[in-house]
Amino acid sequence: MRTVNIAIVGGGITGLSTAYFLTKKGIKDVEIFEAKYVGYGSSGRCAAGIRASFTSRVHVVLMKEAIEGWKKWNKSIEGLEFNQAGYLWLLTNDELVEQHKELMKLHNSLGVPTKLIGREEVKELVPSIQLNDVLAALHDPTAGKASPFHATMALRRYLIKAGVKIHEYTPIRSIKASSSKATEIGIEGAGSLKIGGSLVIAAGYWSKELLYKLGYELPVVGDPHHLLITEKVAPLVKPLVIHKESGSYINQVLTGGLILGAEYSVPENDLTLRAGFIVKAVKHMSKYFPQILNANLLRVWIGYYLKTPDNHPLIGLVPGYENIYLATGFSGHGYMMSPIVGEELANLIINGRTKLPETAELTPDRFKKGKFLEEKAVFG
Ligand SMILES: Cc1cc2nc3c(=O)[nH]c(=O)nc-3n(C[C@H](O)[C@H](O)[C@H](O)COP(=O)(O)OP(=O)(O)OC[C@H]3O[C@@H](n4cnc5c(N)ncnc54)[C@H](O)[C@@H]3O)c2cc1C
């Protein structure tokens, strides 16, 4: 039976980033096993948004570091385009303005230079906007966007060149463990592989099923979220703009299409597309950008936010095991976090500890220990 040093289950942005940092740190014999194709899961379905303007200290610190990571990737990985165009949170009532004044203080104290701006400055930043009921906005200039198609494919190309084997259409169906160590993984229709070093579970929604077989119940739910994209339109809006009150947002991607997202509640664990989402997304954002109404609808899709009880990810050793690492439950933010998550998983695997104390707060066993963090800025 063949032995692999580090096996990564899942070819989404988390698995790719982990392989990237392991390789960078000199680890040999890293292989990714992907059930479908790279980017098939939430990574290929996301809105491309990257920001540090969160409400939890842990998220702000991690994202500040992750944005530095996106900047480095932008320089070192060909074809990955990170555009630091910022985020703009539109605030339409006094309570929201007050809340965001406080948030700005938190961000600034942690080195993220968000700024509360008035209507005139909003108009200067986004001249195409109809201000309507906007009272003020929180501007996050460090935020940005990166196409998930470009990023996943660019990482895929980079890793293959660096010697990482990426096995697509290769689902892992079983994990054999003896006492506290994973010893083998079973590939559908292709026998088993011995694990020489570590096993990384970065299988997004499907991590639950894999870990259940090991007796670990992953505390996540699959919360379906829709997005739509229009055909290319003339340049309309540079930053990603969020209407905080409704949780709707607009993001013009580099190819010119408008991505629209909105709060639209559907049953858990069900990826059926609902037309009602389109009505909601268009209704809110067209109030500020009436140009949307004339754009041609190109595509609507749906994917999972994997929500944990405190809207923070689960990063670290699977409880009870000493060589099975987990990174999932990003609650809608795993794409943007990937540079720091991959780096920290590599640190854990190589050195047994993370570089940031904040990452160590995200261990999968935290709920059992009664530790809950809190994040309120989850939207879409
Ligand atoms: C509509 C929407 C909008 C979003 N917008 C944003 C955003 O703007 N910014 C942001 O940061 N995040 C966003 N997210 C969240 C983000 O997409 C996810 O948090 C992130 O992509 C998770 O990446 P991942 O690699 O952990 O999981 P995934 O991308 O889901 O990858 C898991 C992979 O594992 C594979 N797999 C599963 N089971 C097996 C198996 N048994 N064997 C082998 N492979 C397996 C799957 O095929 C899949 O490719 C959004 C999500 C959605 C749905």
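These figures come from a predicted structure and were not determined experimentally. (Residues numbered from 1 in each chain as written. Predicted model: local features only at pLDDT ≥ 70, side-chain atom pairs only at ≥ 80, totals over all residues.)

**Quick look at the packing of helix 2 (residues 57–76) against helix 8 (residues 334–351)**
Phase 1 of the analysis: It is at 7 Å that the axes of helix 2 and helix 8 come closest, and there the two elements cross at 95°. By the angle between their directions, the pair helix 2 and helix 8 is classed as roughly perpendicular. Facing Leu62, Met63, Glu65, Ala66, Gly69, Trp70 and Trp73 of helix 2, the residues of helix 8 in contact are Met336, Met337, Pro339, Ile340 and Glu343.
Phase 2 of the analysis: Taken together, the residues of the contact of helix 2 with helix 8 sort by class into nine nonpolar, one polar and two charged. (Axes fitted to C-alpha atoms, helices over the stretch in contact; angles between N-to-C directions. Helix = DSSP H or I, 4+ residues; strand = E, 2+ residues; numbered from the N terminus. Parallel < 35°, antiparallel > 145°, perpendicular 65-115°, else oblique. Contact = placed C-beta atoms within 7 Å. Nonpolar A, V, L, I, M, F, W, Y, C, P; charged D, E, K, R; others polar.)

**Notes on the pairing of strand 1 (residues 3–9)**
Phase 1 of the analysis: Bridge analysis of strand 1 against strand 12 (residues 192–201) gives six bridges, and the strand direction is parallel. Bridge pairing in strand 12 links Ile6 to Ser198.
Phase 2 of the analysis: Where strand 1 meets strand 2 (residues 30–33), four bridges bridge the pair, whose relative direction is parallel. The residue of strand 2 that forms the bridge with Ile8 is Ile32.
Phase 3 of the analysis: Once you follow strand 1 into helix 1 (residues 13–24) and on to strand 2, the crossover reads as right-handed. (Pairing = 2+ DSSP bridges. Right-handed = clockwise from strand over helix to strand, strands pointing away.)

**Some remarks on the site of the ligand**
Phase 1 of the analysis: Taken together, 41 residues surround the ligand, and among them Gly12, Gly41, Gly204, Gly303 and Gly334 come closest.
Phase 2 of the analysis: For the shell around the ligand, the elements supplying multiple residues, two or more each, are helix 1, strand 13 (221–230), strand 17 (297–307) and helix 8.
Phase 3 of the analysis: Tallied by class, residues from the shell around the ligand come to 21 nonpolar, 17 polar and three charged.
Phase 4 of the analysis: Counting contributing residues, the shell around the ligand receives three or more from each of domain 1 (3–46 + 149–220 + 310–360) and domain 2 (87–141 + 222–304). (Near = placed C-beta within 6 Å. Domains from an automatic or database assignment.)

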